[in-house]
Amino acid sequence: MASPRHRSRGSNVIPLLIQRITPRLEPHQLQGRIVLTSGVTYEIGLDASVDERGGRAGFAAVVLWPGLEEELLVFAQAWNDGPLSVGYCEGLALLLLLSWLQETCEASDHDPVQLHIFTDRDDMVEGLASGTGEGRWSRHLHNRIFRTIRELLMERRMEVQLQWRPRSTHIIALADSHANSARAEASSTGTTLSESVVRHL
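Parameters at a glance
- Residues numbered from 1 in each chain as written.
- Predicted model: local features only at pLDDT ≥ 70, side-chain atom pairs only at ≥ 80, totals over all residues.
- Heavy atoms only, no water.
- Helix = DSSP H or I, 4+ residues; strand = E, 2+ residues; numbered from the N terminus.
- Expected span 1.5 Å × (residues − 1).
- Buried < 20%, exposed > 50% of the residue type's maximum accessible area, 1.4 Å probe, protein only.
- Contact = heavy atoms within 4.5 Å.
- Core = buried A, V, L, I, M, F, W, Y, C linked by side-chain atoms within 4.5 Å.
- Salt bridge = Lys/Arg side-chain N within 4 Å of Asp/Glu carboxyl O.

Asker: Would you mind showing me how to read helix α3 (residues 139–156) here?
Answerer: Every α-helix winds through 3.6 residues per turn, so residues three or four apart in the chain are directed the same way. With 18 residues, α3 should cover 26 Å at 1.5 Å per step; its first-to-last C-alpha distance of 25 Å lies within 8% of that length. Of all the residues in α3, the buried ones are L141, H142, R144, I145, F146, T148, I149, L152, L153 and R156. The secondary structure elements touched by the buried residues of α3 are α1 (86–104), β6 (105–107), α2 (122–130), β8 (158–164) and α6 (195–198). Looking one or two residues past α3, R157 carries a phi angle of roughly 55 degrees, positive in sign.

Below is the structure:
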């Protein structure tokens, strides 16, 4: 994991996509979705926990929901099918979150919802912003992340910012705790990732 170090304000808040795109969904396609409020910023903490030797990993995300005092668990999922690199797992955690948003959520009106996703991996933020990613990532995973971000803005009116924060930040510490628990339980629960994510492994 990236070690905490001083970062300027401009360098740790990186908008991945900022253009406005007209949504393509019809009203009947909004049924059964979680409606996010436009003009509100949703803060999401994201982390992965990896046992490279044991071939197990955990992934988790939590969200600070407006009006609630405590963060809500978005997901905690496990991998138990072979070694994965730490950097690759962080990318998978981001893909899991983006896929959940795409499948589950929708904006409430014509203005995009603001999603601030916090990770403790600085090189992931900088790599995605520069369009390169980490060398340990597969190009297929990297491209899928960018494609999903574009689809979120086009089809769900969600604007994504990925931001670096130290692990001591409360929302990331909570995500880390859930990811650790999911990894610890992986041997008994097995792999719980969706098929669309497993295809990248």
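Asker: Please explain the nonpolar core as it appears in this structure.
Answerer: In a soluble, globular protein the nonpolar side chains are often hidden away together inside. Formed by 42 residues in total, the largest nonpolar core has its most connected members in F59, L97, L115 and I117. For this core, the element with the highest residue contribution is α1, accounting for 10 residues. In terms of nonpolar packing, the next biggest core, distinct from the first, is built from five residues, V62, F118, I171 and A175 among them.

Asker: Could you clarify how one ought to interpret the pattern of salt bridges in this entry?
Answerer: Where charged atoms of side chains with opposite charge meet at close range, the side chains can pair. Summed over all chains, the structure comprises six salt bridges. Here E106 makes a salt bridge to R156, at a shortest N to O gap of 4.0 Å. Of this pair, E106 sits in strand β6 while R156 sits in helix α3, and the two are 50 residues apart along the sequence. On the accessibility criterion, E106 (1% relative accessible area) is buried.

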